[in-house]
Structures are given as C-alpha cells and as structure tokens.
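Tertiary structure, described
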Amino acid sequence: MWRRRHHLVQSTAQRWLLRRHHHLTSFNEYQILSSTRCLGGAASYATDKFLHMPSILSNISSNPSLTRYGDVRANNAFNPFLISCHAFSTRGGKRPRVPKMKDLHSVEEVILTAYEHRDVMSRRDISAVWARIPQLVSRRQPRHQPNPSLHEELLSKDDTRRMLYKIFDDTTNAIEDCDMRELTGTILGMAKIVTILRRQGKRKGEDSSRVILRELLLNKDIKPKVELFQSFANASMNKLDQFDARHLSNLAYAFALIDFDDGSDLFDHIAIKAVAKRNEFKPQELSNMVWAYATMNRPHAVLFEAIGDRIVASKHLKEFRPQTLKDTVWAYAKAGVSHPKLFEKVANHVMSYDSLDEFKPQELSNTVWSYAKAGVHHPELFEKVGNHIVESNSLSRYEPQACSNIVWAYATSDVPHPALFRKMANHIVALDRLVRFEPQALSNTLWAYATAGVSHPKLFQKMAHAAIGKLDRFTHPQDFSNTVWACAKAGFRHPKLFDKMANHFVGLDSFHQFEPQALSNTTWAFATAQVSHLDLFENVSTAAIQRKGEFNNPQHIANLMWAYATMGIVDKQLFSSFVPTAAKLMDSYNNQALANIAWAYAVANVDAPTLFNDIFINECVEKKDGFENVALFQLHQWHLWQTKENSNIGLPIELLDSSYNVFTSEDPTVSKLQEDVVAQLSSIGLDPQEEVLMDSGYSIDALVEVNGKKVGVEVDGPYHFIGKGTSPLGSTILKRRQVPSIDGIELVSVPYWEWNELLGKDEVKRQDYLRKLLGLVEDNRNDT
C-alpha cells in the first residue's frame, strides 16, 4: 500500500515539474519537492550502484531538473541522491499504468514516458510509441507546450540519444515475438517517420529527436536502413498466416511508403493472402493495398482484378471517402492495370454528388489525372469537375502540381473546357511568383495548353521567365523536352529560353539519358521555333545514333530527320545510320511522316535505296488520298531528287501530277525587297523576267541573261533563313541545289541583310553590288 502511494506521489511531482518547469527559479524548490517525493524512506533505494550510472540529464549549471523518466540524478553536492522510478514500479505493489501515447504532445514527452516505463511496457505499448512519434514529428510546432525550450533545457542531445537508442533496441529485440498488430504498428510508424524526415530534409538547428531518428532509421543517402527493414520483412513473412485483412493492407502500405523492396517474394505472398481475404477488406484497406502495389511498381494482376471486382460488386460506394476513391483509381492508372468497370463505377459515383465541395483540390486533380493516364474517356465526369473548378471563388488552395495535373488530364483526354483553361491560366498569371512550381509542373502545364490548342501568351511568358530562373533544377530530360516542344507548338517564340535551356543541358552532358521521344521532340521544337544551337544538335545526333535501335515509333524518326533537314544540318552519319531503322517501320508511317522523311533525305542528299524502294512507293500509293498539300509539296521535291539528281525510282503516276500541281500552284508574293532588286537589275541594262516557272516546277524571282547565259536571281528575305538570321533553311538549301542541277541555270542569291545595308546609299552602290554578283565586266555594262 505504501509503495502504491509512494509511486502516486512520485509520478504527480514529476508531472508537475515537467509542466511547470519555467516557474521554478531556485534549486531550493527542487530540494523541497525532492524531499516530498522521497517520503522519508525512499532515499534508501539510491545505492552506490545507481550513483555511478551515467547521467541522462543535460549539464545545466543553473536549475538542475527533476524529470519524469527513471534514473534521475539531482546535482546536490551536500545531499546527493538518486531516485529510480523503476525501483518503485517493479518492487511489488500494483504495476503502474503506462500513459496513453495519444495523450502526449511532443516527441520528447513520448521518449521520456517510454524510457520511464520501459521495464513495464508491453509490446503493444512499444508499438504505440512508434505510431505516435510520426504524428508529432510532422508538426511544425508541438502543441500544449508552455515553453518551447523546455525539453531542450531538460535533455541534451546525448541524453536523448541514450534514451531513444534504448527504446529502439528494446523494440527490435522483441520484434520476433510481436503479433500482427504490434508488428505492423511498429513498421508503419517507422515508415511514416522515414517518409516525414526525407520530405522535410535536414534542417539547420533541428531538434535532437529528429537528428537521432535519422541516425536510427536512415542511411546517409537518406535511404531507409536496409538491415532494419529487412528484419521487419523477415518477421512479417514468418507470421503472415496470422495476418487479417487490415494488417495485410497496413504491412504493404508501410513498405510502399519508403519504397522498400528487398527482392523477396513477400509482396507476392501478401497478394495471395489478400486475394483470399478480399471480402474482409474495408474501403480504406482496399485502397491502401492497390496504392502500395502501384507505388512499388508491382502490378499484381490477380490482386488488382480481385480488388477491382470486389469494388464493382459493391451495391454502392458511400463508404468510400474522396481520398479513397482517388487513391484507388490512381493506383490502377499508375500500375497500368485496365479495369474499365471499376473506373465506370467510380465515375458514376462521383457524378451522383450534388456538389464536389467535399473533394479537396488534390483529390479532384488526381482523379481526372488517373482517368487520363488510364486512357478511360469519361467526358461527363470531366465536365462536372471542370465546372466545379470554374465556379470556385478562388484557386488559392490548388497547389501547383494540382493545377498542372488538371490541365494535363484534360489535354491528354482531349476533353475541351476553355473556361477551365482560362481560369487556371489567369490564376497562375496572377501569382506573384512561381517559386513553388517545380520543373515538371511548369513543363506539363505548358504542354497541356499547347496540346489543347489554348492560346494564353501571358501564361507562356510568365512560365518561361520562371523556367529561366530555376534552370539548375531542370535535370529531367522530359521536362526540358516538353517545355521547348510546348513553346514551339504554341507558336510562342522565346529564343532566350531555348538558348539557355540548350546551354544548360549541353553542360549537363546528359543527352544519353534522353528517351527517343525526348530526343525527337527536342530537335523538332528547335527546328519549328527556328532557334539554331549547333552544340545541342550535335549532342542529340550522337545520342540518337547510339540509341537508334530504341527508336520504335515512326513519328519520332520522321520528326528527328525533318528537324535536322529543316535546320540545314546535313549530318551524313546520322541520316545513313537511321536508314535501316526507318526502313523496318515503313508500314507504320502516316502520310505526313512519309513525306517528312522523304523530304529530309532529299535535303540531306543521302542516297538510301533500301529505304526508298517499291515498299515506300506502295505505301504512298495506298495512302494517296490522305496526303495534304504540304506533304505533296515535299513529295515533289523528293521526286526531283530521286529522278533528276540520282536517276532512282520516283513517284508513281497516281501521285506525280497531283504533287506537281500543288508545287506549282502557289501564287508568288513579291516583296518590296524583290521589287527594288528587280528595278536595279533593269537599271543596269538587264531585262529581268519576274517569277519565272522552271521545268522543275520551281519559280525564280528574276531571270536574266548574262554573257549569253541564263542566270536566276533569288531575292532571299528573312524567312529564307533560320530565325530570320543568316543561316539558310533546309528548303533554301534544297532549292539552291536543285535548280542548277535540274534546270541547268546558275542561281545567285541576294540576301536581305546585304541589300538592306545598301538601302541608305545611292543607287550606284546597289547597282555595283549586282554587277559584281552577276560577274558583269564594268566596261561592258552599257553593252549588256
């Protein structure tokens, strides 16, 4: 009876001290309380053995502290004593009650309480310790703490480490004896701690408990301790037959949280058990199970089918919360597992809501993203979600990733919703800065607007500026590729963005990591935007040649070849090395791809008989009704190259006339620059013929006779050159080569920048320029 009363007094005094520590200002108060706590005979428990135990208190010169945990040393030189709470709690009497962890409000309190009661805690109590810690670690500021510095004053880093290591050792030593609830509770708690610490990252001046939890659970590379979680996996495998549905779900979820896969067949065994118990799972457990397998990239077909069928068979989904719904469809989309009936069931359930106010922004975002990713077309669902977002007063609760995912989903699903895109764009433009937009969110948002064909120049301008400001964070090839592709597709010219991004990725020397699609889209974007960057094209060429065997999409090959040809970059090695790859996919090209690849090789002037053979001709004939004018224009130039320049096979009669007609049907546009040049040609005694149609089908700006020979004069304006610069486009190079070769006349060029330099001077200067260009002898100028 005395021991019970003594323990009660001791515990009360300690709790009072812990909560009222900041009111105690003199050591005498501690002595009074300590004397009260001892109750006369209590000091007899302080033996020499206890006096020599290491201190677990901070070395604070003022106000030495008495705390709740056991083995407490009071620094009193005149009257030293040591009270061991474990002495009271284990010497007969009633076993002390272990406080509930949910009633504690800081990590330090949990550590102190667990350490104090470590000799009397059950395995379930220890499991509760690890379940409570992540709830508190995730908080920025612990609640119910009168003085934020209280625990820092009470415990040094070494003290915290000593206690936490002891609790950790007790936990791991007993793990084999735990039942399913205790085991999963411990694993899940530690997994959540790992997730939180990794998300938060190391912070300057972070508290001791976080530092020590990192030591215990994480390696220096912030990956979970393999040996620790391997032991948990082994213990779980040994007891898996005892697990019910809830704890199977929690076990899979815990390992998925930290992406821990030991290479064993644990997940296969969990799946088998889960399939057998599928009717016992609650909605949240079903969702967590498929979420775990999708996150771990383990799409267990039997498990996903069983859970999907179970959900579809449900009378209703009223017990499925919005988060559960979005996690479920997200898992199937992420895992790439098709289950149309499941998606239909979920969509119909969401459609039954009168209002979507119950859905958080992330839940709406992930839901539509999942349908788009899974390729499940449900316009009604998208319309409902889109209308809800448009009708919202503000989008301030929508995180950047949510905004990006939403517009990406609508663009991918090809569901038009102009009001939604306007609302999102205006919201983003109105933000002060786009600091929280990561490269992926930036690139996917731009991609979505370009793909959906929604023009919003202010959005593109703001995002381009943000991308330039965080170039060092652009490390993923897809983010770079999508960004430049979107700008080019939308017709948004920003040479500075293109140049800086190209310089950045050339500096990273990472083009070997680009997938074929990213290589193709990147060069297509630079060619379409007409931004020249030779280092980028050289790096892409090297990477593409090395990975040519991985180009399995004909569109990627056609776009890659077209880009180099458009930019006038004749990389013979690139074009030659891709002949076999391009030829094997011949039956897969669409009309424009056929025309693009044919035109590209014509510009490059790389003979490819194994590519352009009867199979190519047959493909063209089969698709003859699907060629648009642009493609027919290109095919005519290819035909000229094949038949007139190389004496190879040309277009069949079915396409020859139509391609020639398109090629010659364009009405010529005469610029002021051309008018001025023609006028000066007349002034020097020549009789220029304008817009002359040659046998090849090309139209020449002016045709004159010089020294008895026909000479064509091409007035090349800015649009004949890359980015209105001085490097000729592929189409300009091709014309300059084909006209002399096929029509047998000399062709000279009057570049716009050279003529513009003469405009401020007298006519004599311009006339002298033309005489020199045409090789006219000055003495004969009047005779010519």
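Calculation rules
Residues numbered from 1 in each chain as written. Predicted model: local features only at pLDDT ≥ 70, side-chain atom pairs only at ≥ 80, totals over all residues. Heavy atoms only, no water. Helix = DSSP H or I, 4+ residues; strand = E, 2+ residues; numbered from the N terminus. Buried < 20%, exposed > 50% of the residue type's maximum accessible area, 1.4 Å probe, protein only. Contact = heavy atoms within 4.5 Å. Areas by Shrake-Rupley, 256 points an atom, 1.4 Å probe, with all protein chains shown as cover. Pairing = 2+ DSSP bridges. Axes fitted to C-alpha atoms, helices over the stretch in contact; angles between N-to-C directions. Salt bridge = Lys/Arg side-chain N within 4 Å of Asp/Glu carboxyl O. Parallel < 35°, antiparallel > 145°, perpendicular 65-115°, else oblique. Nonpolar A, V, L, I, M, F, W, Y, C, P; charged D, E, K, R; others polar. Phe/Tyr/Trp six-rings, centres within 6.5 Å; stacked < 30°, edge-to-face > 60°. Lys NZ or Arg CZ within 6 Å of the ring centre and 35° of its normal. Right-handed = clockwise from strand over helix to strand, strands pointing away. pLDDT = per-residue confidence, 0-100. Left-handed = near helix turned anticlockwise from the far one by under 90°. 1 Å grid on protein atoms, 1.4 Å probe; cavity = no way out; pocket = protein on both sides within 12 Å on 5 of 7 lines; lining within 4 Å. Points joined across faces, edges and corners; volume = space filled by probe spheres on them. Expected span 1.5 Å × (residues − 1). Polar contact = N/O pair within 3.5 Å; in protein donor to acceptor, adjacent residues only side chain to side chain.

1. A short note on the overall build of the protein chain
- Along the backbone of the protein chain there are 38 helices and 6 strands.
- Burial analysis of the protein chain (784 residues in total) assigns 53% to the buried set.
- Look at the contacts in the protein chain between residues 6 or more apart in sequence, and 73% of them connect residues 24 or more apart.
- A total accessible area of about 36500 Å² is found for the protein chain, and carbon and sulfur atoms account for 48% of it.

2. Focus: the sheet that holds strand β3 (residues 689–693)
- Read across the open sheet, the 4 strands follow the order β3-β4-β5-β6; overall the sheet is mixed. Since the sheet does not close on itself, it has two edges, and those belong to β3 and β6 (746–751), each with one partner. Strand after strand, the sheet turns through a mean of 45° between neighbouring axes, direction not considered.
- Summarising the sheet, strand β5 (residues 709–716) and β6 pair through 6 bridges and their orientation is parallel. Across the sheet, the residue bridging to Gly712 is Leu747, located in β6.

3. With respect to the environment of Pro418
- Within the secondary structure layout, Pro418 lies in helix α21 (residues 418–430).
- Each C-alpha atom, one on Pro418 and one on Gly453, is 9.8 Å from the other, the two residues being 35 residues apart in sequence.

4. Re the pattern of salt bridges
- One pass over the full model with this rule turns up 24 salt bridges.
- With a closest N to O distance of 3.5 Å, Arg123 and Glu182 form a salt bridge. Taken together, the positions of Arg123 in helix α6 (residues 123–137) and Glu182 in helix α9 (residues 180–200) put the pair 59 residues apart, joining distant regions of the chain.
- According to the relative accessible area criterion, Arg123 is partly exposed, its value standing at 39%.

5. Examining the packing of helix α33 (residues 629–645) against helix α34 (residues 653–664)
- Remark: α33 packs on α34, axes separated minimally by 8 Å, with the N-to-C direction vectors making an angle of 105°. Our classification of the angle between α33 and α34 gives roughly perpendicular. Counting all contacts with α33, which are made through Asn629, Leu632, Phe633, His636, Gln637 and His639, the residues of α34 involved are Leu655, Leu656, Ser658, Ser659, Tyr660, Val662 and Phe663.
- Looking at the contact of α33 with α34 residue by residue, the class counts come to 7 nonpolar, 6 polar and no charged.

6. Some points on the packing of aromatic side chains
- By the definition in use, this model includes 37 aromatic pairs.
- Their ring planes at 80° and their centres at 5.0 Å tell us that Phe421 and Tyr449 sit as a pair that is edge-to-face. Here the residue Phe421 occupies a position in helix α21, and Tyr449 occupies one in helix α22 (residues 439–452), the gap between them amounting to 28 residues. An identical accessibility class is assigned to Phe421 and Tyr449; each is buried.
- When the ring centre of Tyr115 is taken as origin, the NZ or CZ atom of Arg118, which lies over that ring, is 3.9 Å away.

7. Let's talk about the pairing of β6
- β6 sits mainly inside the fold: 5 of its 6 residues count as buried.
- Viewed along the sheet, the connection from β5 through helix α36 (residues 730–743) into β6 turns out right-handed.

8. As for the confidence of the model for the protein chain
- Averaged over every residue, the pLDDT of the protein chain is 86; residues scoring 70 or more account for 85%.
- Residue range residues 1–92 is modelled with pLDDT below 50. Its contacts to residues more than four positions away, or to other chains, number 156 contacts.
- Within the model, pLDDT remains below 50 along residues 779–784, and this stretch shows 6 contacts once partners closer than five positions in the same chain are excluded.

9. Remarks on the packing of helix α18 (residues 361–374) against helix α19 (residues 379–391)
- Contact geometry of α18 with α19 gives a least axis separation of 11 Å together with a crossing angle of 150°. The angle between α18 and α19 falls in the class roughly antiparallel. Note on packing geometry: the crossing formed by α18 with α19 is left-handed. Along its contact with α18, which presents Leu364, Val368, Tyr371 and Ala372, the element α19 presents Leu381, Phe382, Val385 and His388.
- In terms of residue class, the contact of α18 with α19 is made up of 7 nonpolar, 1 polar and no charged.

10. Some remarks on the layout of surface pockets
- Here the largest pocket defines a volume of roughly 1500 Å³.
- Lining the largest pocket are 46 residues, and of these Phe633, Glu666, His720, Ser731 and Lys735 lie nearest its centre.
- Class assignment for the residues of the lining of the largest pocket results in 17 nonpolar, 21 polar and 8 charged.

11. Overview of unusual backbone geometry
- In this structure, Asp259 takes a positive phi of about 55° despite not being glycine.
- With respect to the helices and strands, the residue Asp259 is situated in the loop between α12 (245–257) and α13 (266–276).
- One non-glycine residue with positive phi stands out, namely Glu691, at about 50°.
- Considering the arrangement of structural elements, one finds Glu691 in strand β3.
- Of the residues examined, Glu691 reaches a relative accessible area of 21% and is grouped as partly exposed.

12. As for α18
- In this model α18 runs 20 Å from its N-terminal to its C-terminal C-alpha over 14 residues, within 8% of the 20 Å that 1.5 Å per residue would give.
- Taking burial as the measure, the 14 residues of α18 include 11 buried ones, the bulk of the element.
- Among the structural elements, α16 (322–335), α17 (340–351), α19 and α20 (400–413) are those in contact with the buried residues of α18.
- Where α18 terminates, the next one or two residues include Gly375, which has phi positive at roughly 75°.

13. Quick notes on the pairing of strand β4 (residues 699–706)
- Taken across its 8 residues, β4 has 6 buried, putting it largely inside the fold.
- Bridge analysis of β3 against β4 gives 4 bridges, and the strand direction is antiparallel. By the bridge assignment for β4, Gln689 is matched with Leu703.
- Hairpin connection from β3 to β4: 5 residues lie between these consecutive antiparallel strands, with Gly697 at a positive phi of about 105°.
- Bridge analysis of β4 against β5 gives 5 bridges, and the strand direction is antiparallel. Note that in β5 the partner of Ala702 across the bridge is Val713.

14. As for helix α10 (residues 208–217)
- For α10, the tally of buried residues reaches 8 of 10 residues, placing the bulk of the element in the interior.
- Inspection of α10 places Ser209, Arg210, Val211, Ile212, Leu213, Arg214, Leu216 and Leu217 among the buried residues, and these make up the whole buried set.

15. Quick word on the side chain of Gln674
- Relative to the helices and strands, Gln674 resides in helix α35 (residues 672–683).
- Residue classification places Gln674 among the buried positions, given a relative accessible area of 3%.
- Once residues within four sequence positions are removed from consideration, Gln674 is found in contact with Thr669, Glu690, Glu691, Asp701 and Val715.

16. Comments concerning the side chain of Thr445
- Its place among the elements puts Thr445 in helix α22.
- A distance of 3.4 Å separates the side chain of Thr445 from the side chain of Ser404, its partner in a polar contact.
- Ignoring any residue separated from it by four or fewer positions in sequence, one finds Thr445 in contact with Ser404, Val407, Ile428, Phe437 and Met463.

17. Some words on the environment of Val350
- Along the chain, Val350 falls in helix α17.
- Linking Val350 and Leu325, residues 25 residues apart in sequence, is a C-alpha distance of 8.9 Å.
- Filtering out sequence-adjacent residues up to four positions away, Val350 remains in contact with Leu325, Leu356, Phe359, Leu381 and Lys384.

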